[in-house]
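# Structural overview for review
Residue-level listing of the chains:
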Amino acid sequence: MKNSYRTLLLAGVMSLPFLVSQATSAGTLTDSDIAQMSMLDKFRAQMYFKSHSFDFTKIFSLYHPGPYWILKKKSDFKLTDEQLKQEEELKLGMAKNTIEDEAMLKQAYATYAADSAKPHPSSAQIKSDIEAVGKAQTSLATEMVDYHLQSFELLTPEQRKTYHDLVAERTK
């Protein structure tokens, strides 16, 4: 268990320079930035999200998988060209926002760590730092909900039945 946590922590720390350089403020990440990410950077971002998103992947996403999952199963859904385009847009938007939110969370943790290391830290500052970490983590966890629900809304009634059938199989 300790080694798993250390591995996740190390992965997060190792990807911090990339994420911060790519998303120092919300809305700065481009499609090209995502395309240029290595598979390792994408994996690290996914692992960081999984460990800092209030178990989103185990709880909400399990029952409401989003655009990545729908696109993986596009043949089951028989998506139209327009649906494919819209699902791809949702997938890319979700990826960009998640990476930006991860960078903001890591920065909040870094600020908290730096302020905590001071010889005489201010109680008010430390509490403010902790609140900033909490807000950043909450933002990371909640922003994906809309993408997942919007992805579902793009489906026709027949595709929604397929969706519910596939979700039921996955949660058995």
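To be clear, the structure that these remarks concern was listed above.
Below is a short write-up of the structure. Since the model is a prediction, treat every value here as computed from it, not as a measurement. (Residues numbered from 1 in each chain as written. Predicted model: local features only at pLDDT ≥ 70, side-chain atom pairs only at ≥ 80, totals over all residues. Heavy atoms only, no water.)

## A word on the packing of helix H3 (residues 39-51) against helix H7 (residues 81-116)
A pair of packed helices can be characterised by two numbers: the angle between their axes and the separation between those axes. Operational definition: Orientation is described by lines fitted to C-alpha atoms, with helices fitted over the stretch in contact, and by angles between N-to-C directions that extend from 0 to 180 degrees. Here a helix means four or more residues in a row that DSSP labels H or I, a strand means two or more in a row labelled E, and each is numbered from the N terminus. What makes a crossing left-handed is the near helix being turned counterclockwise from the far one by less than a right angle; a clockwise turn instead makes it right-handed. Two residues form a contact once any of their heavy atoms are found within 4.5 Å. Each residue gets one of three labels, nonpolar for Ala, Val, Leu, Ile, Met, Phe, Trp, Tyr, Cys and Pro, charged for Asp, Glu, Lys and Arg, and polar for the others, Gly among them.
Viewed as axis vectors pointing N to C, H3 and H7 meet at an angle of 65°, and their least axial separation amounts to 10 Å. Both H3 and H7 take part in a crossing whose hand is left-handed. Note on element contacts: H7 touches H3 through Thr98, Ile99, Glu102, Leu105, Lys106 and Tyr109, opposite Ala45, Tyr48 and Phe49. Residues of the contact of H3 with H7, tallied by class, amount to six nonpolar, one polar and two charged.

## Comments concerning unusual backbone geometry
The following threshold applies: The rule is simple: take the accessible area with a 1.4 Å probe, protein chains only, and divide by the maximum for that residue type; under 20% is buried, over 50% is exposed, in between is partly exposed.
Positioned with a positive phi, lysine 78 is a non-glycine residue whose angle comes to about 55°. Overall, lysine 78 belongs to the exposed group, its relative accessible area being 65%.

## Topic: the environment of leucine 166
As for its position among the elements, leucine 166 is in helix H9 (residues 157-170). Residue classification places leucine 166 among the buried positions, given a relative accessible area of 14%. Sequence separation of leucine 166 and lysine 73 is 93 residues, and the distance between their C-alpha atoms is 9.4 Å. Residues in contact with leucine 166, not counting those within four places in the same chain, are Trp69, Lys73, Asp76 and Phe77.

## A closer look at the nonpolar core
Selection criterion: Residues belong to one nonpolar core when they are buried, are Ala, Val, Leu, Ile, Met, Phe, Trp, Tyr or Cys, and are joined through side-chain atoms within 4.5 Å.
Tyr48, Phe49, Phe56, Leu90, Met94, Leu105, Ala108, Val133, Ala136, Leu140, Met144 and Tyr147 form the largest nonpolar core, which has twelve residues in total. At the level of elements, H3, H7 and helix H8 (123-153) are the ones that each hand at least two residues to this core. Top contributing element to this core by residue count: H8, with five residues. If we skip the residues at most four places from it in the chain, alanine 108 touches Ala132, Val133 and Ala136.

## A look at the packing of aromatic side chains
Keep this limit in mind: Stacked, tilted and edge-to-face are the three classes assigned to paired rings of Phe, Tyr and Trp, where Trp is represented by its six-membered ring and a pair needs centres within 6.5 Å; plane angles under 30 degrees give stacked, over 60 edge-to-face, the rest tilted.
Here the structure, examined in full by the defined rule, presents four aromatic pairs. Aromatic pair phenylalanine 77 and tyrosine 163: ring centres 6.4 Å apart, planes at 40°, arrangement tilted. In this pair, phenylalanine 77 is assigned in helix H6 (residues 74-77) and tyrosine 163 in helix H9, connecting sequence segments 86 residues apart. For the pair phenylalanine 77 and tyrosine 163, a shared accessibility class is recorded, and that class is buried.

## Considering the side chain of aspartate 129
The following threshold applies: Here Asp and Glu are counted as negative and Lys and Arg as positive; His is not counted, and neither are the chain ends. Salt bridge criterion: a side-chain nitrogen from Lys or Arg within 4 Å of a carboxyl oxygen from Asp or Glu. By the criterion applied in these results, polar contacts are pairs of N or O atoms within 3.5 Å in which, for protein atoms, one can donate a hydrogen and the other can accept it, and in which residues neighboring in sequence qualify only through two side-chain atoms.
Residue placement: aspartate 129 occurs in helix H8. For the buried aspartate 129, no salt bridge exists, and the shortest N-O distance to an oppositely charged side chain is 7.1 Å, to lysine 118. One polar contact links aspartate 129 to glutamine 125, side chain to side chain, over a distance of 2.7 Å. When near neighbours in sequence (up to four residues on either side) are disregarded, aspartate 129 contacts Thr111, Tyr112 and Asp115.

Functional significance is not addressed by these values, which are geometric in nature.
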